[in-house]
Amino acid sequence: MATAGGGCVADPGSRSLLRLLSFCVLLAGLCEGNSVERKIYIPLNKTAPCVRLLNATHQIGCQSSISGDTGVIHVVEKEEDLQWVLTDGPNPPYVVLLEGTLFTRDVMEKLKGRSGRIAGLAVSLAKPSPASGFSPSVQCPNDGFGVYSNSYGSQFAHCRAFQWNKVGDGLAYEDFSFPIFLLEDENETNVIKQCYRDHNLSPNGSAPAFPLCAMQLFSHMHAVVSTVTCMRRSLIQSSFSISPEIVCDPLSDYNVWSLLKPINTSGTLEPDDRVVVAATRLDSRSFFWNVAPGAESAVASFITQLAAAEALQKAPDAATLPRNVMFVFFQGETFDYIGSSRMVYDMENGKFPVQLENIDSFVELGQVALRNSLELWMHTDPMSQKNETVLNQVEVLLSTLEQSGAGVPTVVLRRLNQSQPLPPSSLQRFLRARNVSGVVLADHSDSFHNLYYQSIYDTAENINVTYPAGQSPEEDLNFVTDTAKALAGVATVLARALYRLAGGASFNDTIQADPHTVTRLLYGFLVRANNSWFQSILRPDLRSYLGDGPLQHYIAVSSPTNATYVVQYALANLTGKVIDLTREQCQDPSQVPTENKDLYEYTWVQGPLNANETDRLPRCVRSTARLARALSPAFELKQWGSTEYSTWTESRWKDIRARIFLIASKELEAEFGSMAELLDVAGKGLNQLSVEANLQEWRLKPAFSPHCWPRACLQRA
């Protein structure tokens, strides 16, 4: 009969029948040989979890209990709907399905304050993106790890001049005691909402009757407290256990770098050798694990640099310029400059072919895709320019950029007040080690124009990359967007400036970045990685790295990541040369007397399709595009509590998944909990088949097969 709490309880007579039916259900699953689990649960296959990250002092992120967290689903579409889960609802704990526009710090603080009533959170994507912006990053990115401190440029330390990321609410740097998942598929979101409407909504705000639609979230994390704690525990395990259980891993990957003119990488340059550095970052992040589109915060910049590298390589006298040019793509800059700090460390310790003393000047691309009008701002460091030599060198650098932009009508270079500090940039890590004449080019004069910095909404749409309706994927790949044209202009300015800085003069006006290169890169990185061009430039064993969606740019711990490989091979393809070697010779160039592995990298790639588009034409590409470790020196030095270097780690986990099902009242749960556990274990043990639930039919399926009815089960038993 109905209870005041809105549920129902079985009378004593029916309980015996339910026990019998439950036992038969179990035997039904046994006789059919199918997973019982797939009869009960609908898995959510397109989700992304919030995971735990740690640094020297604390932990951030989310986790579930070790057995997962279950709650009755409640859809929150407006802030008033929170009242039910926070105070009024009679069946806590709840899993909140939160509309993306409500995923804000204010709402999350309310939920965090009532964690006893909250089992978890499922966040749907806001469409369109929130008009006022959304950035879960902090307002002062990488605070404490740049060049400014209380002892150097104290007036600029901790973003005292102004906050670079004004819309940042710091949500991604909070610690939550319950699991939070992103729902990436609109169909799955609709399935959950339908289940909620059919089972959890009741008229006039009364309590709904059981069974109720529930969600279970699994994301238990192994690491706790801090990097110091988790690394120490992992070290003890590694030292004394045959099968050590590592609980966390350092965030790490590889920087990508190349040189305009090849050098012997088995040694180091002579002190008199001069190198102009062109740098940018590869990575981004968001609140959710491995969801890091990074269109404006990273992708537009490194695509522009790739196009500039191609344009400069085509200069007729590129091989004879007085100074060399090094292109660097840093990984892990989001997490306290992992990539740049590691390169500086290696340069200081003779572990990299180029030394700090070889750097002539430094040009970095910051965020460049959201220019107001045509303006590109030149940011410099006011502290290093107190040295007159550096001041003069920076003046030459700025003048060179202005001269290089004079012939590009789509770009207008602007100077800033000399008392303004640098924005968050890799250049800051080099300035910590040495006074370098450097500049950061960006589309903003002060605070970021990017309203979605390091968020799930920093996508192709954020930088206005769109395509005409009705085109094929191949047509989209080659369609030159307005954004591609604008970035090609920036790439042209950069390439011409690098040419002048390297000592070139004769061919400056002929250097031109190719908009077709830019548009193909934009499409591949931000729309569809699995395209004909990306397939042609990769090794055969890497073709599975290309999915039908965009690449993600989270640094992760298993490296190189997909994006790192693609950037390396794009750089090799754009700046290298196809040479006539067999596959065996390409993979072992020491067999060929005229080739030198210390000067070049050799890669056997799939190549383009033949004329019939049936087979590929593989080839050997020789280039200077290489990888260099992007692991914080703190882990090499075992200084896990370092304040000098990044100490970010990622917790390990065993199981991350989400699923929905119908849940019984607490009275029935208590009565039949052990039977449910038995069913679950039996289902998992019998069959580990992946669940292929029909998302159009969320309703609970019968837990026995029509081919094996309960009576038959009893007879067979």
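Residues numbered from 1 in each chain as written. Predicted model: local features only at pLDDT ≥ 70, side-chain atom pairs only at ≥ 80, totals over all residues. Heavy atoms only, no water.

K.L.:
How should the pairing of strand S19 (residues 601-605) be read in this particular structure?
P.N.:
Both faces of the sheet carry side chains from a regular strand, because those side chains alternate between them. Buried residues dominate S19, accounting for five of its five residues. Because side chains alternate across S19, one face comprises the buried residues Glu 601, Thr 603 and Val 605, and the other comprises Tyr 602 and Trp 604, equally buried. Pairing geometry for S19 and strand S20 (residues 619-623), over five bridges, is antiparallel. Directly across from Val 605, in S20, lies its bridge partner Arg 619. (Buried < 20%, exposed > 50% of the residue type's maximum accessible area, 1.4 Å probe, protein only. Helix = DSSP H or I, 4+ residues; strand = E, 2+ residues; numbered from the N terminus. Pairing = 2+ DSSP bridges.)

K.L.:
Quick question: what am I supposed to make of the sheet that holds strand S21 (residues 626-631) here?
P.N.:
Pairing between sheet strands relies on hydrogen bonds along the backbone, with the strands arranged either parallel or antiparallel. Pairing in this open sheet of eight strands is mixed, and the strands run S16-S15-S17-S14-S12-S13-S11-S21 from one edge to the other. In this open sheet, the two strands that pair with only one neighbour each are strand S16 (412-415) and S21. Shown here is a sheet whose adjacent strand axes are inclined to one another by a mean of 25°, direction ignored. Bridge count for strand S11 (residues 252-259) against S21 is six bridges, and the pairing is antiparallel. Looking at the pairing, Asn 255 lines up with Ala 628 of S21. In the packing of helix H15 (residues 562-575) onto the sheet, the strands contacted are S11, strand S13 (324-330) and S21, and the crossing angle to S11 comes to about 5°. (Axes fitted to C-alpha atoms, helices over the stretch in contact; angles between N-to-C directions. Contact = heavy atoms within 4.5 Å.)

K.L.:
How should the side chain of Glu 364 be read in this particular structure?
P.N.:
By secondary structure assignment, the location of Glu 364 is in strand S14 (residues 359-365). Comment: no salt bridge for buried Glu 364; closest opposite-charge side chain is Arg 281, at 5.7 Å. For Glu 364, the side chain forms a polar contact with the main-chain nitrogen of Leu 427, separated by 2.9 Å. Among residues more than four places away in sequence, those in contact with Glu 364 are Ala 279, Ser 425, Ser 426, Leu 427, Val 439, Val 440 and Leu 441. (Lys, Arg positive; Asp, Glu negative; His and termini not counted. Salt bridge = Lys/Arg side-chain N within 4 Å of Asp/Glu carboxyl O. Polar contact = N/O pair within 3.5 Å; in protein donor to acceptor, adjacent residues only side chain to side chain.)

K.L.:
What is the right way to read the packing of aromatic side chains from this model?
P.N.:
Aromatic rings considered in pairs are described by the distance between their centres and by the relative angle of their planes. For the structure shown, the criterion picks out 29 aromatic pairs. Measuring from ring centre to ring centre gives 6.1 Å for Phe 330 and Phe 430, while their planes differ by 50°; the resulting arrangement is tilted. Placement of Phe 330 in strand S13 and of Phe 430 in helix H10 (residues 427-433) is noted, with a sequence separation of 100 residues between them. Overall, the relative accessible area of 0% leaves Phe 330 in the buried class. Overall, Phe 430 belongs to the buried group, its relative accessible area being 1%. (Phe/Tyr/Trp six-rings, centres within 6.5 Å; stacked < 30°, edge-to-face > 60°.)

K.L.:
Help me understand the pattern of salt bridges, please; the structure alone is not making it clear to me.
P.N.:
If you walk through the whole model with that rule in mind, you get 25 salt bridges. The salt bridge partner of Arg 626 is Glu 601, with a shortest N-O separation of 3.0 Å. A residue pair is termed long-range when its members are at least 10 positions apart, and Arg 626 in strand S21 and Glu 601 in strand S19 qualify at 25 residues. Given the relative accessible area of 9%, Arg 626 is considered buried. Here Asp 655 ties to Arg 657 by a salt bridge, and the two come within 2.7 Å at their closest N and O atoms.

K.L.:
When you look at helix H12 (residues 482-501) in this model, what are you seeing that I'm missing?
P.N.:
In an α-helix there are 3.6 residues to a turn, and that puts residues three or four apart on one side. Over its 20 residues, H12 extends 29 Å from the first C-alpha to the last, a length consistent with the 28 Å expected when each residue adds 1.5 Å. With 16 of its 20 residues buried, H12 lies for the most part within the structure. Backbone geometry just after H12 places Gly 503 at a positive phi near 100°. (Expected span 1.5 Å × (residues − 1).)

Functional significance is not addressed by these values, which are geometric in nature.
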